[in-house]
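Each chain, letter by letter, is given below.
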Amino acid sequence: MKKKMLSFVSLGLVCVTFFLSCMTKNPDEVEQLDKILEVPEKIISNHKATLLFKNDHSTRLTKIGAEKIGFEDKAIHFKLETITNYITHLEHSAIAKNIPITGISFVFGAKTNGKRTIFLMPTTRNAALDYQESFTVENGQFLTFKRIDQVLSPKQLSRNDENLILATNGYVSFNEAVELFNRYENQYIKPFAAKVAKEYYTKAVWYSLKEMKAYCTYLQKKSSDHNLAISGIDVFFGVYNTDPNLELKSNAQTIFLTASSQKTSIIDIEGNKFKTVVQNDFYQKIDTDSTDESLAFNMGQLSPPPPKK
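As the structure is a prediction and not an experimental result, all values here were calculated from the model.

Time to look at the pattern of salt bridges. Pairs can form between side chains of opposite charge whenever their charged atoms are close. Counted by the stated rule, this structure contains 11 salt bridges. As a salt-bridge pair, Arg159 and Asp161 come within 3.8 Å of each other at their nearest N and O atoms. For Asp225, the salt bridge is made with Lys221, and the minimal N-O distance between the two is 2.7 Å. Here Asp225 and its partner Lys221 are both found in helix 7 (residues 209-226), four residues apart, which amounts to about one turn of the helix.

What follows covers the nonpolar core. Counting residues in hydrophobic clusters, the biggest one holds 65 residues, and the most contacted among them are Phe106 and Leu257. If sequence neighbours within four positions are ignored, Leu257 has contacts with Phe106, Tyr207, Met212, Tyr215, Ile233, Asp234, Val235, Leu295, Ala296 and Phe297. Ranked by size, the runner-up nonpolar core spans 15 residues in total, among them Phe119, Phe145, Phe174 and Val178.

Under the criterion given, the structure shown has two cavities of 30 Å³ or more. Taken as a whole, the largest cavity spans an internal volume of roughly 150 Å³. If you go around the largest cavity, you meet 13 residues; those closest to its centre are Arg60, Tyr184, Tyr188, Phe192 and Gln253. Mapped by element, the contributors of at least two residues to the lining of the largest cavity are helix 3 (46-61) and helix 6 (174-193). Considering each element in turn, the lining of the largest cavity owes the most residues, four residues, to helix 6. Grouping the constituent residues of the lining of the largest cavity by class yields eight nonpolar, two polar and three charged. Looking at the second largest cavity, its volume works out to about 40 Å³. Taken together, Ile69, Asp73, Lys74, Lys115, Arg116 and Tyr188 form the lining of the second largest cavity. Its residues placed into classes, the lining of the second largest cavity shows two nonpolar, no polar and four charged.

Quick look at the packing of aromatic side chains now. Per the stated rule, a full pass over the model turns up 21 aromatic pairs. A ring pair is formed by Phe236 and Phe256, whose centres lie 5.5 Å apart and whose planes are at 15 degrees; its orientation type is stacked. Here Phe236, found in strand 10 (residues 232-239), pairs with Phe256, found in strand 11 (residues 253-261); they are 20 residues apart in sequence, far enough to count as distant. Phe256 sits in the buried class, given a relative accessible area of 0%. Aromatic pair Phe256 and Phe274: ring centres 5.8 Å apart, planes at 90 degrees, arrangement edge-to-face.

Axis separation between helix 5 (residues 80-97) and helix 7 bottoms out at 11 Å; the angle between their running directions is 145 degrees. Handedness of the helix 5/helix 7 crossing: left-handed. Contacts from Leu80, Ile83, Thr84, Ile87, Leu90 and Glu91 of helix 5 reach helix 7 at Leu209, Met212, Lys213, Cys216, Leu219 and Gln220. Here the residues of the contact of helix 5 with helix 7 sort into eight nonpolar, two polar and two charged.

Right, let's talk about the environment of Gly114 for a bit. Inspection of the secondary structure puts Gly114 in the loop between strand 3 (103-110) and strand 4 (116-126). Expressed as a C-alpha distance, the spacing of Gly114 and Leu180, which sit 66 residues apart in the sequence, is 9.9 Å.

What follows concerns the environment of Thr264. As for its position among the elements, Thr264 is in strand 12 (residues 264-266). Distance from Thr264 to Ile230, taken between C-alpha atoms, is 9.5 Å for residues 34 residues apart in sequence. Excluding residues within four positions of it along the chain, Thr264 makes contact with Asp234, Ala259 and Lys273.

With that settled, the discussion passes to the pairing of strand 5 (residues 131-138). Burial runs high along strand 5: eight of the eight residues are buried. With four bridges joining them, strand 4 and strand 5 adopt antiparallel strand pairing. Looking across to strand 5, one finds that Asn126 is bridged to Tyr131. Counting the residues that bridge the hairpin from strand 4 to strand 5 gives four residues, and of these Asp130 lies at a positive phi of roughly 60 degrees. Alignment of strand 5 against strand 6 (residues 141-145), held across five bridges, turns out to be antiparallel.

Let's shift gears to the confidence of the model for the protein chain. Of all residues in the protein chain, 84% have pLDDT values of 70 or greater, and the mean over the chain is 86. Overall, residues 1-24 carries pLDDT values under 50, and its contacts beyond four positions in sequence, including any with other chains, amount to six contacts.

Thresholds, definitions, all that
Residues numbered from 1 in each chain as written. Predicted model: local features only at pLDDT ≥ 70, side-chain atom pairs only at ≥ 80, totals over all residues. Heavy atoms only, no water. Salt bridge = Lys/Arg side-chain N within 4 Å of Asp/Glu carboxyl O. Helix = DSSP H or I, 4+ residues; strand = E, 2+ residues; numbered from the N terminus. Core = buried A, V, L, I, M, F, W, Y, C linked by side-chain atoms within 4.5 Å. Buried < 20%, exposed > 50% of the residue type's maximum accessible area, 1.4 Å probe, protein only. Contact = heavy atoms within 4.5 Å. 1 Å grid on protein atoms, 1.4 Å probe; cavity = no way out; pocket = protein on both sides within 12 Å on 5 of 7 lines; lining within 4 Å. Points joined across faces, edges and corners; volume = space filled by probe spheres on them. Nonpolar A, V, L, I, M, F, W, Y, C, P; charged D, E, K, R; others polar. Phe/Tyr/Trp six-rings, centres within 6.5 Å; stacked < 30°, edge-to-face > 60°. Axes fitted to C-alpha atoms, helices over the stretch in contact; angles between N-to-C directions. Left-handed = near helix turned anticlockwise from the far one by under 90°. Pairing = 2+ DSSP bridges. pLDDT = per-residue confidence, 0-100.

Okay, here's the thing in structure tokens:
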């Protein structure tokens, strides 16, 4: 009986929403209704995105002597079409290989030139360890990418034959991902850990497939509605405030996403450049909690999972 009642309630909400959208003639009311229906849950305000960016520079890069890294080197570019195609590819792979793919891990890495980067991997839930575990498939074998470990060992034979690990320059093999991952550990985590002792150091951020699909759809709609010509997603490293209210995320490394147009990061539906917002401290004048016009996306699940207290 309870299930039937819940079904009727859900159906009722859908019908009410549809009725309101049909009957509302006031443009402002229609716009407000659209906002309620379309804004992904993890969209954050421009103010919060800028604070994450600033915190990363002041509490991480400056600590390890990397404060001269410029804005352009902090933006990690992916084409929007590449991300949407990757999500579709993972969904098809889940069916073909009978693997319950739960989401995407944005795994931290560093290039040979020392610049931080991100690579994407599919995940499946590891019930024993209670976290979303990254994996790939090579040579017909299921390979777990244990990002909870400090460093990873390469395989004797590794080749990309399934296109499951997506880097900024295309698909990479397990061993190539290991190189990026280990380099980040050696060039960023170890120098920081030598100066600031923490219980854990973030090495990846996880989003569900549903969340990523919703965000991509959101950017596509905003691009169309506001003539923004959004062509990509930019990933930035960030750090949460030191705030007891944030609990396990307090002072933790994270990432946040925003839109890009011709490799220029934009932060809102007005097309404001994120670099300009940061450099001119416009974020101090922005409504702290408003997400109405924001294109920034955050609040993913940190990995390794913070220790339970």
